[in-house]
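# Descriptive analysis of the structure
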Amino acid sequence: AFFCRAAPAEGAETCFADAAAALEMLPAAAQERLEALECVCSLAHHDKKLQLRKPDYPTLTPQQRRANPPRRVPAVLVHPETGRRSLYGL
């Protein structure tokens, strides 16, 4: 699992992390294991998590859900220009 081990008391409100650096810091065996995995990208799941924190967050309509079904994506992506490997936005 990926999580913050220590955060400052103030100023840590961010959704951004260096996913390429995080992958590079892992042992080679862990990187290889991640290369073989896929993630499921689901807008419905994402929205549900947001609603737990913010109940007034709008939900997807049935039509939007059909138009945006969950997709499988590699857990490790390769940047098309630099070739640098990175963790998918976990």
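That block above? That's the structure.
Attention in this report is confined to the structure presented alongside it.

Scoring rules and cut-offs
- Residues numbered from 1 in each chain as written.
- Predicted model: local features only at pLDDT ≥ 70, side-chain atom pairs only at ≥ 80, totals over all residues.
- Heavy atoms only, no water.
- Helix = DSSP H or I, 4+ residues; strand = E, 2+ residues; numbered from the N terminus.
- Buried < 20%, exposed > 50% of the residue type's maximum accessible area, 1.4 Å probe, protein only.
- Contact = heavy atoms within 4.5 Å.
- Areas by Shrake-Rupley, 256 points an atom, 1.4 Å probe, with all protein chains shown as cover.
- Salt bridge = Lys/Arg side-chain N within 4 Å of Asp/Glu carboxyl O.
- Polar contact = N/O pair within 3.5 Å; in protein donor to acceptor, adjacent residues only side chain to side chain.

A few words on the overall build of the protein. Scanning the protein from N- to C-terminus turns up four helices and four strands. The N-to-C order of helical and strand elements in the protein reads α-α-β-α-α-β-β-β. The buried share of the protein, taken over its 90 residues, is 16%. For the protein, contacts bridging at least 24 residues in sequence account for 62% of all contacts bridging at least 6. Accessible surface, the protein as shown: approximately 7,700 Å² in total, 57% of it carbon and sulfur.

Our next topic: the pattern of salt bridges. By the definition in use, this model includes three salt bridges. With a closest N to O distance of 2.8 Å, R84 and E24 form a salt bridge. Taken together, the residues span a long stretch of sequence, with R84 in the loop between β3 (76–78) and β4 (85–87) and E24 in helix α1 (residues 19–25) at a distance of 60 residues. Residue R84 is classed as partly exposed on the basis of its relative accessible area of 37%. Two residues, R85 and E35, come together in a salt bridge whose shortest N-O distance is 2.5 Å. Here E35 lies in helix α2 (residues 28–35) and R85 lies in strand β4, a separation of 50 residues in the sequence. Given a relative accessible area of 38%, E35 falls into the partly exposed group.

In this fold, Q31 is placed in helix α2. The exposure class of Q31 is buried, given its relative accessible area of 15%. Polar contacts involving the side chain of Q31 include one to the main-chain carbonyl oxygen of E24, which spans 3.5 Å.

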